[in-house]
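What the coordinates show
Residue-level listing of the chains:
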Amino acid sequence: LLNNYLRRTHVNLYIFYRKMEIVINKKIATKQQIQDIALDISWAKIARKYFGQSASWIYDKIDDTNNGFTETEKDTFRGALYDLAERIRKTADNFK
């Protein structure tokens, strides 16, 4: 009886662990991450200026087509957003 209880408990803990692992490792879609600014930015210009690529290229990346951005591209994308944010901040500071 005790062995059956321990076996069931072990199985239940394993299932719980696997479910938690799946939740933790779940990738948040790029579109979801940028939804607050998606309509306010020219993604075609970001693609050209920071990646030397076309508008369709960046839209495929944003749609997570073919696994989305690589890790290097994610760093470049993040840098582009920081650069744009800084340029907007400076413009706002200098606006009279």
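Here the residue numbers are simple positions, counted from 1 along each chain's written sequence. Residue-level local features of this predicted model are given only where pLDDT is at least 70; pairs of side-chain atoms are given and counted only at 80 or more, and the full residue set underlies all totals for whole chains, interfaces and linings. Values shown for side chains rest on all heavy atoms present in the structure; no hydrogens or waters enter the calculation.

Things to note about the packing of helix α3 (residues 43-51) against helix α5 (residues 71-94)
Condition: All axes are obtained by fitting lines to C-alpha atoms, using only the stretch in contact for helices, and the reported angles, taken between N-to-C directions, cover 0 to 180 degrees. Numbering of helices and strands runs from the N terminus; a helix is a DSSP stretch of H or I covering at least four residues, while a strand is a stretch of E covering at least two. Note on angle classes: values under 35 degrees are labelled roughly parallel, values over 145 roughly antiparallel, values of 65 to 115 roughly perpendicular, and the remainder oblique. The crossing is said to be left-handed when, going from far helix to near helix, the turn is anticlockwise and less than a right angle, and right-handed when the turn is clockwise. In what follows, a contact means two residues having at least one pair of non-hydrogen atoms within 4.5 Å. Think of it as three bins: nonpolar holds Ala, Val, Leu, Ile, Met, Phe, Trp, Tyr, Cys and Pro, charged holds Asp, Glu, Lys and Arg, and polar takes everything else, Gly as well.
At a minimum axis separation of 11 Å, α3 and α5 run at an interaxial angle of 110°. Of the possible angle classes, the one that applies to α3 and α5 is roughly perpendicular. For the pair α3 and α5, the sense of crossing is right-handed. Mapping the contact onto sequence places Trp43, Ile46, Lys49, Tyr50 and Phe51 in α3 and Glu73, Thr76, Phe77, Ala80, Leu81, Asp83, Leu84 and Arg87 in α5. Looking at the contact of α3 with α5, its residues break down into 8 nonpolar, 1 polar and 4 charged.

Some remarks on the packing of α3 against helix α4 (residues 55-62)
Where α3 contacts α4, the axes come no closer than 8 Å and their chain directions differ by 105°. What the angle tells us is that α3 and α4 run roughly perpendicular. Where α3 approaches α4, its residues Trp43, Ala44, Ile46, Ala47 and Phe51 are matched on the opposing element by Ala55, Trp57, Ile58, Tyr59 and Ile62. Residue classes in the contact of α3 with α4 are distributed as 10 nonpolar, no polar and no charged.

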